[in-house]
Amino acid sequence: MSRLVLFRSFLIFAAVLILASLFYLNLVPAGRYFVSSDFKAANPAVSVLYPESRVNPAADGITVKEEPVYFDVRLPRKFDAARVKIYFDDLKTDVLELGIEGTPGAKNFTFAPLKNKFLDTLDWPRLSDGALVLYQRDNLYGRLDDFFRHLPPPNQIAAYRAPFSYNYKIPGYAAGKWPREIQTDFLGSFKFYTYLKDEPLDFKFTFKSPEAWPAISVRVFSGDKLAVSRDYVDIPAGAELAHERTFYLYQKNLPEGVYRVAIAAPPEIIVSKIITPARYLSFIGPLRFSPDSGPKNILTSARRLYAKNWDELSAMLVADGKGHRLKIPEQRYDIEMATMAYVLKPLWFDHGIELDGDGLFAFDWLSFFDPVIQNFNPAVAQAGTVNYLLTGYQGTSRTDGSEVGAAVFDLTNVSPSANRKIRFVLSLPGFQSAENGVKIKKAEIEFTGDRVGWGWIKNKFSEIFKRFL
Amino acid sequence: MDKKTAEKIFHDLFVWFFVMLIILIGLEYCFAGFVISYINLNFWFFAAIISGGVYLSLKKD
């Protein structure tokens, strides 16, 4: 064989080898893909921290002088989970968090804590199962399993970046039989919680529109899952415009539990009344009451209330339980309720205002229920109403003179961009000035997903066949 | 190695780098990051130019 033939064979063999290894590297057959970066220069897998105006390169890391900062990671294929380790130093804020974007460009980040100085110094007894940590004010539970078997009422629990959903059940609940009418006079969109057990989801909403009937949509969620979806778009225009219209929301065979109903309507639409046999209805702020609505009595569990006036007429609000009238200006007006306890407090106002707060609202005492777990902040722990804190934060460790914070993300609902990148964000809640920054030294990310075997190949082929047949 | 063989080798090298470059750019175009995550395309580009240049200079002589 001549030397030239040998050389040509070598070139063909090298080409096959290079292409085969590229396919192998992109397929990641073992299902584990590891990347790391010190962010000093972009590498093909991990970008630098950007925007670059928010960071300063330093000898031993990158100083973040403004937040948030982002970085992208290019993925060879789809993975199910990412375990991220961030090596950092000189954290001046109390909290450092890492987020991952769910949809490219949508900025819908899911956050996980890397460092929380308040939790590091919280002296409550602590239980952990590796993924979830429970802090308890009184050491009542010996194991996390016991806590989940005998859950305390939700208003005693606060959650901070915790992979936990509260399966709220009302003991001895019996379905409501008789429909009742609630004069709501809401403007535009609103949301509420209701509870169902052996009964249909049954609501009649009466809408008024001064000018036109745009699309109105109703979405009903059970936890994070969409349970019912309705769009009312077939509303005839013309002569009927001035009339009220009633829309029915009816769905049978929904399992027992809490449902969050979200009505999306433009602000010119007035939802004048709701008729329903549902026993429990707790409204979620903000609630915007029409300027035409008369005086109203409602109840709230909020400890801090925010009110805003709609028009030139001055609105009066009685919120302190003692009959003292507050004049509500057009700007946001913060009201600290007379009692900080987590109890229902009556509110009265003379005409339409916007109300919001750190609690829920109801139109009568019997229909109020609170299935919401509060988001944790240091004030919640100090206020004394929360006795249990659930968090995914595991604390940090120290390696090579750096503090290491770790976070795990579920990637099943994360869509990479067209160039197969996913975006992370480093956030410093409480950041005020460049002196509050942090020095980022390194990131290590391990992605895990399906191993490539015969089952995986068969599934891929069947997906391709389904798409074409 | 005689000049004729060297000329053939550099011709083959040029064709090989050029064809590989086209294939790699095509793969990168179809699957973003497929190639550039692992291979520096600048190297292939310059290798194709250099081998082509050497081949042409040998041929000229």
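Treat the numbers as computed from the prediction; the structure is a model and nothing was measured.

About the cut-offs
- Residues numbered from 1 in each chain as written.
- Chains lettered and ligands numbered in written order.
- Predicted model: local features only at pLDDT ≥ 70, side-chain atom pairs only at ≥ 80, totals over all residues.
- Heavy atoms only, no water.
- Helix = DSSP H or I, 4+ residues; strand = E, 2+ residues; numbered from the N terminus.
- pLDDT = per-residue confidence, 0-100.
- Axes fitted to C-alpha atoms, helices over the stretch in contact; angles between N-to-C directions.
- Parallel < 35°, antiparallel > 145°, perpendicular 65-115°, else oblique.
- Left-handed = near helix turned anticlockwise from the far one by under 90°.
- Contact = heavy atoms within 4.5 Å.
- Nonpolar A, V, L, I, M, F, W, Y, C, P; charged D, E, K, R; others polar.
- Buried < 20%, exposed > 50% of the residue type's maximum accessible area, 1.4 Å probe, protein only.
- Pairing = 2+ DSSP bridges.
- Buried area = accessible area lost by both parts, 1.4 Å probe.
- Salt bridge = Lys/Arg side-chain N within 4 Å of Asp/Glu carboxyl O.
- Polar contact = N/O pair within 3.5 Å; in protein donor to acceptor, adjacent residues only side chain to side chain.

Residues and elements named next belong to chain A. The omega torsion of the bond from Tyr-50 to Pro-51 falls at 0°, within 30 degrees of zero and hence cis. Along the chain, Pro-51 turns up in the loop between strand S1 (32–37) and strand S2 (55–58). The step from Glu-67 to Pro-68 runs through a cis peptide bond, and the omega angle for that step is 0°. The residue Pro-68 is located in the loop between strand S3 (61–64) and strand S4 (69–74) in this model. The backbone phi angle of Val-28 is positive, close to 45°, even though this residue is not glycine.

Another aspect to go through is the confidence of the model for chain B. Here chain B shows a mean pLDDT of 88. Residues at 70 or above account for 100%. Scoring the predicted complex yields pTM 0.68 and, for the interface, ipTM 0.91.

Take the packing of helix H1 (residues 3–27) of chain A against helix H1 (residues 3–30) of chain B next. Pairs of packed helices are described in terms of their axes, by the angle between the two and the distance that separates them. As a packed pair, H1(A) and H1(B) sit with axes 11 Å apart at the nearest point and diverge in direction by 15°. In terms of orientation, H1(A) lies roughly parallel with respect to H1(B). The interaxial crossing formed by H1(A) with H1(B) has right-handed handedness. Two secondary-structure elements touch here, H1(A) through A:Leu4, A:Phe7, A:Arg8, A:Leu11, A:Ile12, A:Ala14, A:Ala15, A:Ile18, A:Leu19, A:Leu22 and A:Phe23 and H1(B) through B:Thr5, B:Lys8, B:Ile9, B:Asp12, B:Leu13, B:Trp16, B:Met20, B:Ile23, B:Leu24 and B:Leu27. For the contact of H1(A) with H1(B), the per-class residue count stands at 17 nonpolar, one polar and three charged.

With respect to the helices and strands, the residue B:Ala32 is situated in the loop between H1 and helix H2 (41–60). Judged by its relative accessible area of 17%, B:Ala32 is buried. Here B:Ala32 is in contact with A:Arg74, A:Ala418, A:Asn419 and A:Arg420, once residues within four sequence places are set aside.

Glancing now at the sheet that holds strand S9 (residues 133–136) of chain A. One key point about sheets: their strands pair by backbone hydrogen bonds, in either a parallel or an antiparallel sense. Residue and element names in this part refer to chain A. Here we have five strands laid out as an open sheet, ordered S8-S9-S30-S10-S29, and mixed in their pairing. Looking at strand neighbours, the two that pair on one side only are strand S8 (126–128) and strand S29 (374–375), the edges of this open sheet. As paired strands, S8 and S9 are joined by three bridges and run antiparallel to one another. By the bridge assignment for S9, Ser-128 is matched with Val-133.

Put simply, an interface is often sized by how much accessible area is lost when its parts join up. Taken together, the contacts link 20 residues of chain A with 20 residues of chain B. Taking both partners together, chain A and chain B bury about 1800 Å²; carbon and sulfur atoms supply 75% of that area. Of all residues in chain A, the largest losses of buried area upon contact with chain B belong to A:Leu4, A:Leu11 and A:Leu22, amounting jointly to 26% of the total for that side. Between the two partners, chain A and chain B, sit one salt bridge. Here A:Arg8 ties to B:Asp12 by a salt bridge, and the two come within 2.5 Å at their closest N and O atoms. Across the contact surface, chain A and chain B share five residue pairs in polar contact (both at pLDDT 80 or more). Looking at the side of chain A that touches chain B element by element, the count peaks at 13 residues for H1(A). Considering only residue class, the side of chain A that touches chain B consists of 15 nonpolar, two polar and three charged.

Residues and elements named next belong to chain B. Two elements in contact, H1 and H2, have axes whose closest approach is 8 Å; the angle formed by their N-to-C orientations is 150°. In terms of orientation, H1 and H2 fall into the roughly antiparallel class. In the packing of H1 onto H2, the handedness of the crossing is left-handed. Of the residues that constitute the contact of H1 with H2, the class distribution is 20 nonpolar, three polar and three charged.

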